[in-house]
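Structural description and commentary
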Amino acid sequence: MANFPFKLSFPSFLSPSRSQSKPSHHNPAPYSLLPKMQAQEIQLQPSQVQTAPQNDQKEPINQPTPSSLMDTSNLLPPSRQTCTVPKPISTTKSSSNKLKLIPLIFLIYFEVAGGPYGAEESIQAVGPLYAIIGFFIFPFLWGVPESLVTAELATALPGNGGFVVWADRAFGPFFGSLMGTWKYLSCVINIGAYPPMCADYISRAYPPAAAGPGRSVAISITVVLLCLLNYTGLSVVGWGAVVLAVVTLTPFFLITILAIRRIQPKRWLVQVETKDWRLFINTLFWNLNYWDSASTMAGEVEQPEKIFPKGLAIAVVICSVSYFLPLMACTGAIGSPPEAWVNGYFADVAEMVGGDWLKYWIQAGAVLSSIGLYEAQLSSGAFQLLGMADLGLLPSFFAVRAPKFDTPWVGILSSCIITLTISFLPFEDIVATANILYSLGMLLEFATFLWLRVKYSDLMRPYRVPMGIPGLIVMCLFPSVFLGYVIAVAHPRVFALSAVLTAAGITVHYLMRYCRSSGLLKFTDGGRVDQHQQLEQKSIIPGHEEEINGVV
C-alpha cells in the first residue's frame, strides 16, 4: 500500500500558481515570498540609497507608488504593511535535517490518522454501512478542503508557525495569538491521550502498570522517552514515521487480503437499534483531523512550495484507503453484531481471520501508532512555539535550538510538561476539549484563508486553489457547518473548560505585551512595520523600489 500512491497524478491539486510568471534573477530569501509585481528582486547597494528629500514636491514615503509594495493601507490593523514570513531567529544549520517528501507524507499521516485504530466505535454507533461510507467520504469532504487551504497558505507563507503566521498577517497579533492558543492547546491536550494508551498496553505485560503508582510511573517514563526521541531531530522523527507507518499498516493490509474471500455483502446492512450520530461524528473527527498541523514546520521542509501540495495530496489518499478497506473487509467477513465493535476489536478480528500472530501484531501496532501520533504532533506543537517566537508573540528563547539536532528544545520541554500533566486527566474530557479548541481554531483559519485571498490577491502563491472567492466560500462551507455541529453538541463542562483555557490564552497574550513594553523579556518585532517607523525609513532613488522591513 505504501508504494502505489506515489505514482498517482493530481493535476489540479498540484498545479503551480499562475502568479509565478516572472522568475527571480537569483534565489530569494528563504523566508519571504513577494507579491507578483515584485517577483524580480534587486540587490541594494549603498549608492542606491538616499535620504528622502525634504521638499513639498515629493510624496511621503508611506504613500503607495507604482514601484512600492501593493497597497495595504486599508488593511486592518494599520500596523500591518506587509504579508511576509517573519525573519527566523534561528534556522536549521544542516540540510540533512530538512524534511523531504516521503517523511513529510508520513508525518502528515500521523498528524491525522496513524491507522484505523479507534475507528471501531463508528460501527457500534451507526452500523457497518454508514461507518464504511463515512470513512470513505469524510476524508474528502473534510480533509481535502483543509488540505487545499494548507497547501496554498503553507506555500505562500512557508515559515515555522504555520496557521499562526497566517492569522497574524490577516488580522493582527491578537488573532495570531488566539489562533496559537487554540491550536497549541488542542495539540498538547490531544497528545496527552497517547501515553495512557501506551500504559494500557504495557499493563497487559506488566499488570502493576494498570493502576496506582505503577501506572503513573509507566506514563511518566513513556512521556520522557518519547520527548528524548523528539529531541534528536525532525529528520529522525520523519523517517521514524515512515518505519512506523509500514509496521502499523501492514497487518491491516493482511487482514484485508485474508478477509476478502469471506465477505458476505448482507453483513454490511446490519442495523443498530438506536443510532448514536453524536458518537459517530466525534469518532470521524477524532480520527481524521489536524491536516494543517504540519504547516507549523513549513520552515523545516525542503522546497515547501513543491513538496507540501504533493505531500498533502498523497496523505489524503493513504488516510482514506487505510480506513475504508479494512472496515469494508472486516465488517463483511465477520458476522459480529455492531455492539461488539469496541476499541481494540480489530485485534479480535485479526485472530479470527489470521490467527494469534496477526492479533499480536495488531496490538503491538496500536502502541507503535500511538508513538507515531505523539511524535508527529509533539514536533508540530514545538515548532509552532518557535514560529510564535519568530513573530514576537512569545519570548525569543522559545526559538532556541539544540546545538546538535537543531530542534526547538524549549518548545519540546514545555509541551512535554503540559502533556504529562494532562495525561492524568479523564480521557473523555481530553478528547472533547481538544475537539472544541481545534474547531474554534479551524473556523478562524478558514476566515483567515478567505481574508488573505481578498486583501492580498497579488501575493505570490506557488500553489493556488483554482477557484474564485464564491467557490472558496462554498468549499469552506461544509467543514464550517461540521465544526459548528461539533461545538454545539459538546457537554457544558467541556464548554466551560474551553472558555477558561481561551481566557488564559488571552491573558498570556496581554502579559507578553506587557513584558515586551517593559523590557522584562526579549522579543523580536515579528516582521511588523509601524507606520511611524516607515516615515523615517529611506527610499530608493527613482527607478528602484522601496525596501521595507528588509524585504524587497
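Worth saying up front: this structure is predicted, and the values here are computed from it rather than measured.

Counted by the stated rule, this structure contains 28 aromatic pairs. Measuring from centroid to centroid gives 4.8 Å for phenylalanine 135 and tyrosine 323, while their planes differ by 10 degrees, and the two rings are stacked. Here the residue phenylalanine 135 occupies a position in helix α4 (residues 128–156), and tyrosine 323 occupies one in helix α11 (residues 304–333), the gap between them amounting to 188 residues. Pair check on accessibility: phenylalanine 135 and tyrosine 323 agree, each one buried. Looking at lysine 183, its charged tip hangs above the ring of phenylalanine 163, at a distance of 3.9 Å from the centre.

This brings us to unusual backbone geometry. Of note, glutamine 303 is a non-glycine position whose phi angle comes to about 50 degrees, a positive value. Of note, glutamine 303 is situated in the loop between α10 (277–287) and α11. One non-glycine residue, aspartate 406, lies in positive phi territory at about 65 degrees. Structurally, the position occupied by aspartate 406 is in the loop between α13 (356–391) and α14 (409–422).

On to the nonpolar core. If you look at the biggest cluster of nonpolar residues, it comprises 139 residues, and the most contacted ones within it are Tyr109, Trp142 and Tyr374. For tyrosine 109, the contacting residues outside a window of four places in its chain are Gly114, Gly115, Ala245, Leu249, Ile318, Cys319 and Ser322.

Let's shift gears to empty space enclosed by the protein. Here the structure, examined in full by the defined rule, presents six cavities of 30 Å³ or more. Volume-wise, the second largest cavity comes out at about 50 Å³. If you go around the second largest cavity, the residues you meet are Phe163, Lys183, Ser186, Cys187, Tyr290, Asp292, Ser293, Ser380, Gly381, Gln384 and Tyr438. Sorting the residues of the lining of the second largest cavity by element identifies α6 (173–191) and α13 as the ones contributing at least two each. For the lining of the second largest cavity, a count of residues per class yields four nonpolar, five polar and two charged.

Turning to its location among the elements, threonine 433 is positioned in helix α15 (residues 427–455). On the accessibility criterion, threonine 433 (1% relative accessible area) is buried.

Now for the packing of helix α9 (residues 234–260) against α11. The relative placement of two packed helices is expressed as an angle between their axes plus a distance between the axes. α11 packs onto α9 with a crossing angle of 40 degrees between their chain directions and a minimal axis gap of 9 Å. Considered as vectors, α9 and α11 are oriented oblique to each other. The two elements α9 and α11 cross, and the hand of that crossing is left-handed. Of α11, the residues touching α9 (which contributes Leu249, Phe252, Ile255, Thr256 and Ala259) are Ile318, Ser322, Leu325, Pro326, Ala329, Cys330 and Ala333.

Rules and cut-offs
Residues numbered from 1 in each chain as written. Predicted model: local features only at pLDDT ≥ 70, side-chain atom pairs only at ≥ 80, totals over all residues. Heavy atoms only, no water. Phe/Tyr/Trp six-rings, centres within 6.5 Å; stacked < 30°, edge-to-face > 60°. Helix = DSSP H or I, 4+ residues; strand = E, 2+ residues; numbered from the N terminus. Buried < 20%, exposed > 50% of the residue type's maximum accessible area, 1.4 Å probe, protein only. Lys NZ or Arg CZ within 6 Å of the ring centre and 35° of its normal. Core = buried A, V, L, I, M, F, W, Y, C linked by side-chain atoms within 4.5 Å. Contact = heavy atoms within 4.5 Å. 1 Å grid on protein atoms, 1.4 Å probe; cavity = no way out; pocket = protein on both sides within 12 Å on 5 of 7 lines; lining within 4 Å. Points joined across faces, edges and corners; volume = space filled by probe spheres on them. Nonpolar A, V, L, I, M, F, W, Y, C, P; charged D, E, K, R; others polar. Axes fitted to C-alpha atoms, helices over the stretch in contact; angles between N-to-C directions. Parallel < 35°, antiparallel > 145°, perpendicular 65-115°, else oblique. Left-handed = near helix turned anticlockwise from the far one by under 90°.

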